[in-house]
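# Survey of secondary and tertiary structure
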Amino acid sequence: MKKIIVIMCISLSQLVLNAQEAPYKPTLESLSNHVNAPEWLVDAKLGIYFHWGLYSVPAYSNEWYPWYMYKTDDNEVAKYHRETYGDPTKFNYHDFAPMFTAEHFDAANWAKLFKEAGAKFAGPVAIHHDGFAMWDSKVNPWNSKDKGPKKDITGLLLKELKKEGLKTITTFHHARTLQRNADNPAEWEGFTSHFAYNPEFVTASTDPNLRKLYGNMPASEFHDYWFAELKEVVDQYSPDIVWFDSWLNMIPEQYRNDFAAYYFNEANKKKQEVALVTKQYDYPKAFSVLDIEQGGKKDLSESVWMTDVTLGLGSWCYTNGLKYKSADLVLRNMIDVWSKNGIVLLNLSPRKDGVIPQEQRDVVLEVGEWLKTYGESVYGTRPYKVYGFGNANVADGHFGGQSAETQYSADDIRFTRSKDEKTVYVFFLGKPEIGKTVGLRILGPHRYPLYSKLKRVTLLGSDVEAKFKVDSDNVFITIPDAKMDDLATVFKFELE
């Protein structure tokens, strides 16, 4: 008995010692010692993820289907649900689980597609607001291994991504899942919870399993549950990026800090350089990257930032009849982001059966082909002193810089540079006119001059040289007689 007690004491002491030795403590002061964006992420520029879950089954309206279906205001989704599946008191959101089949899901094929599209990191929406986990979970009974596909989507995909040499990301949107309106009837259909609370609906269920999907539990229990799901993904899959959607501020700061410390310490053990990405600075920017949804910036940012943007027009998940942005708009938006110190996280929308529609594949593969030729001007680069200039109306903030209404032309110019400042890349976001002499006055000596003397200008992806002239006020290049790219043309400025 004494031996057992001694062993237990040693074990507990060791746990305390391990906690003391961990480099990151769950305090803002300690966490701020972690770099906000590792260099590999700043170099990567492009990642891909996807909205795919139970909401992909009805494939109607958007991924907020479960929020709308339990509201009583006779909205379009609630009406569609009643007409198609029945009253939500009889056919519930969780009844979509057996219909989420994913029979054509091919992790190796998806990983190859993401790589061919030019992505340097990729991964799933691990859990959306609806509380359905896309991994093999012992914490959450509503998961893709036990229900629906009966597959560990996250595990299978991340394994194949790593084989392709890509870094991995898992995104979390579940801070919103907690049922916060149960005690306030006036707010039953409010915006702070994903499921509209109503005693007549399953959203009010106290069933031990259903309450975990619909979030009907005390806040303290939910916060532990929120943390446990994150910990499980970190322990099982070691993602290189953990990304959070809005409403993370609804989670108490100590829980957020506890997770950040756990994630950073686990990565430190594995000699892994990781990043936290959040919206609205829900983590301090000292140790996290800001994400701006479908967004942009009017000017160059001093700090690295990210934007998550979807190919779809009107929905992040697959819906019947979904329309898509064109490859030229997608790429030109990306170049604008890259020129302003941003990183792009591009969303795809698989069908419930696990097929990524060909229309989506065509767009990202066209972007990938462009990157094969012009990737030198993107990967591993840094922003120039100024992002560029032009007439395109790019708005600041969420839903601003990735608008489908943004019109770019050859008069919109963007810049990046090599890390050693020996090369500047000049992007034309449209086809420049052959033979035209273009003035880049912004690069003039009294504005944002080149780092050193310009010695050569070439059309990137070829040996074609462009004539240039530098005077006391301007830099001029003459567009050579060569094929200009339909998506965007890049000139390489080589400096002494």
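Here the structure is shown first, and the text comes after it.
In short, a report on the structure.

Definitions and cut-offs
Residues numbered from 1 in each chain as written. Predicted model: local features only at pLDDT ≥ 70, side-chain atom pairs only at ≥ 80, totals over all residues. Heavy atoms only, no water. Core = buried A, V, L, I, M, F, W, Y, C linked by side-chain atoms within 4.5 Å. Buried < 20%, exposed > 50% of the residue type's maximum accessible area, 1.4 Å probe, protein only. Contact = heavy atoms within 4.5 Å. Helix = DSSP H or I, 4+ residues; strand = E, 2+ residues; numbered from the N terminus. Polar contact = N/O pair within 3.5 Å; in protein donor to acceptor, adjacent residues only side chain to side chain. Axes fitted to C-alpha atoms, helices over the stretch in contact; angles between N-to-C directions. Parallel < 35°, antiparallel > 145°, perpendicular 65-115°, else oblique. Left-handed = near helix turned anticlockwise from the far one by under 90°. Nonpolar A, V, L, I, M, F, W, Y, C, P; charged D, E, K, R; others polar. Salt bridge = Lys/Arg side-chain N within 4 Å of Asp/Glu carboxyl O. Pairing = 2+ DSSP bridges.

With that settled, the discussion passes to the nonpolar core. A general feature of soluble globular proteins is that nonpolar side chains tend to end up buried together. In terms of nonpolar packing, the biggest core is built from 133 residues, with Phe114, Phe259 and Trp370 touching the most fellow members. The residues contacting Trp370, other than those within four sequence positions of it, are Leu331, Ile335, Gly375, Ser377, Val378, Phe427, Asp485, Leu487, Ala488 and Val490.

Take helix 7 (residues 153-163) next. Among the residues of helix 7, those classed as buried are Ile153, Thr154, Gly155, Leu157, Leu158, Glu160 and Leu161. On its buried face, helix 7 sits against strand 1 (46-50), helix 6 (107-116), strand 2 (121-122), strand 4 (167-172) and helix 9 (219-237). Among the residues trailing helix 7, Gly165 stands out with phi positive, at a value near 85°.

A separate point is the side chain of His173. You can see His173 is positioned in the loop between strand 4 and helix 8 (210-214). The exposure class of His173 is buried, given its relative accessible area of 2%. A distance of 2.9 Å separates a polar atom in the side chain of His173 from a polar atom in the side chain of Thr171.

Another point: the packing of helix 11 (residues 327-339) against helix 12 (residues 358-374). Orientation of helix 11 relative to helix 12, taken along the N-to-C sense of each, is 50°, at an axis distance of 9 Å. Here helix 11 is positioned oblique relative to helix 12, judged by the angle of their axes. Between helix 11 and helix 12 lies a crossing whose hand is right-handed. Touching Ala327, Val330, Leu331, Met334, Ile335 and Trp338 of helix 11 are Val363, Glu366, Val367, Trp370 and Leu371, all from helix 12. Broken down by class, the residue content of the contact of helix 11 with helix 12 amounts to ten nonpolar, no polar and one charged.

Let's shift gears to the pattern of salt bridges. Two side chains carrying opposite charge are able to pair once their charged atoms lie near each other. Counting across every chain of the model gives 28 salt bridges. Between Asp235 and Lys231 there is a salt bridge; the shortest N-O distance is 2.7 Å. Here Asp235 pairs with Lys231, and both are found in helix 9, just four residues apart, close to one helical turn. Asp235 sits in the partly exposed class, given a relative accessible area of 36%. Using a relative accessible area of 31% as the deciding quantity, one classes Lys231 as partly exposed. Lys431 serves as the salt-bridge partner of Asp486, at 2.9 Å between the closest nitrogen and oxygen. Within this pair, whereas Asp486 is found in the loop between strand 18 (475-478) and strand 19 (489-495), its partner Lys431 is found in the loop between strand 14 (423-428) and strand 15 (437-439), the two being separated by 55 residues in sequence.

Here we have five strands laid out as an open sheet, ordered 12-13-14-19-16, and antiparallel in their pairing. Strands with a single pairing partner mark the edges of an open sheet, and in this sheet they are strand 12 (382-389) and strand 16 (454-459). Taken over all neighbouring pairs, the strand axes of this sheet differ in orientation by 20° on average, direction set aside. Two strands pair when backbone bridges link them, and strand 12 and strand 13 (residues 413-417) are joined in this way by four bridges, in the antiparallel orientation. Following the sheet pairing, Gly388 is matched in strand 13 by Arg414. Taken strand by strand, helix 11 contacts strand 12, strand 13 and strand 14, and its axis lies near 50° from that of strand 13.

What follows concerns the environment of Asn184. Mapping Asn184 onto the fold places it in the loop between strand 4 and helix 8. Exposure remark for Asn184: the relative accessible area of 36% places this residue in the partly exposed category. Considered as a pair, Asn184 and Ala392 are 208 residues apart in the sequence and their alpha carbons are 47 Å apart.

This part covers the side chain of Thr310. Its location among the elements puts Thr310 in strand 8 (residues 305-310). Residue Thr310 is classed as buried on the basis of its relative accessible area of 2%. Within polar-contact distance, the side chain of Thr310 engages the backbone nitrogen of Gly312 at 3.4 Å. Excluding anything up to four places from it in sequence, Thr310 contacts Gln294, Ser315, Trp316, Lys325, Asn347 and Ser349.

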